[in-house]
Amino acid sequence: MADESQPNGTDVVDKMTVEVAEMALDANETSKQTAAAEPEKPTENDANGAAAKPASTAAFKEQFKAFSKFGDTKSDGKHLTLSQSDKWMKQAKVIDKKITTTDTGIHFKKLKSMKLTLEDYNKFLEDLAKTKKVELDEIKNKMANCGAPGVHNATPGKAADTVARLTDTSKYTGSHKQRFDETGKGKGIAGRKDLVDQSGYVSGYGHKNTYDKTH
């Protein structure tokens, strides 16, 4: 008669199966806890599709104040006109082929005021960005970091053309024309004073020094 106190083969296998299952459950639970503790890493798509970094509110507010005083010594820095706004946007290169002064004029006038407070100006930008399908944060970032108000967008070509026109001796007339030769080189004192010709030739003679001395 078999000793019933000794476990048979089936009991041993069942016990081992239970122990393995318990170990698997413990490992799975530990893995979940570790994953929960680690911060989620952004995927490549998340990184590429991230929205523009929000502009500094303080920096934008300071720029608003600075441009609201630009060209207006009596301004309190709390209101911005359309003209001042356009100067700001041009300096920040927000006004371009996609956003024009016509667009800014239309959206600015929706607020029905000649001067906008900072709060209303933010509404103006939100409406403009939505209509033109441009990121609002991108616009505000450019405007917050474009530097102090100044004439930064002057076209040097116009000044260069003016200087070139004024220094083109071929276009000179009257006494000014007499001061330069055909190549544009100055004649010096000869171009400023009437000097006596002591060469022996009649004044205005056109064939000076062409006589053949061999005859």
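Residues numbered from 1 in each chain as written. Predicted model: local features only at pLDDT ≥ 70, side-chain atom pairs only at ≥ 80, totals over all residues. Heavy atoms only, no water.

Before going further, it helps to spend a moment on the environment of T104. By secondary structure assignment, the location of T104 is in helix α5 (residues 101-109). On the basis of relative accessible area, T104 is assigned to the buried category, the value being 0%. Leave out the neighbours within four places in its chain, and T104 touches L82, D86, M89, I95, I99, F124 and L128. A polar side-chain atom of T104 sits 2.8 Å from a polar atom in the side chain of D86. (Helix = DSSP H or I, 4+ residues; strand = E, 2+ residues; numbered from the N terminus. Buried < 20%, exposed > 50% of the residue type's maximum accessible area, 1.4 Å probe, protein only. Contact = heavy atoms within 4.5 Å. Polar contact = N/O pair within 3.5 Å; in protein donor to acceptor, adjacent residues only side chain to side chain.)

It is worth spelling out α5 at this point. All of the buried residues in α5 are D103, T104, G105, H107 and F108. Check the buried side of α5 and you find it contacts β1 (80-81), α4 (82-91), β2 (115-116) and α6 (118-132).

This part is about unusual backbone geometry. The backbone phi angle of K112 is positive, close to 55°, even though this residue is not glycine. Inspection of the secondary structure assignment puts K112 in the loop between α5 and β2. The phi dihedral of K133 falls on the positive side, at around 55°, and the residue is not glycine. Along the polypeptide, K133 turns up in the loop between α6 and α7 (136-144). You can call K133 exposed: its relative accessible area is 73%.

In this model, the protein chain carries a mean pLDDT of 75, and residues with pLDDT of at least 70 account for 46%. Low confidence marks residues 43-50, where pLDDT is under 50. Its contacts with residues over four positions away, or in another chain, come to 0 contacts. (pLDDT = per-residue confidence, 0-100.)

As enumerated under the stated definition, the model contains 4 salt bridges in all. Notably, a salt bridge pairs D120 with K123, separated by 3.9 Å at the nearest N-O pair. Taken as a pair, D120 and K123 lie in helix α6 at a separation of 3 residues, close to a single helical turn. Given the relative accessible area of 25%, D120 is considered partly exposed. Put simply, E138 and K142 hold a salt bridge, and the shortest N to O gap is 3.8 Å. Highlighted residues: E138 and K142, both in helix α7, separated by 4 residues, approximately one helical turn. With relative accessibility at 35%, the residue E138 sits in the partly exposed group. (Salt bridge = Lys/Arg side-chain N within 4 Å of Asp/Glu carboxyl O.)

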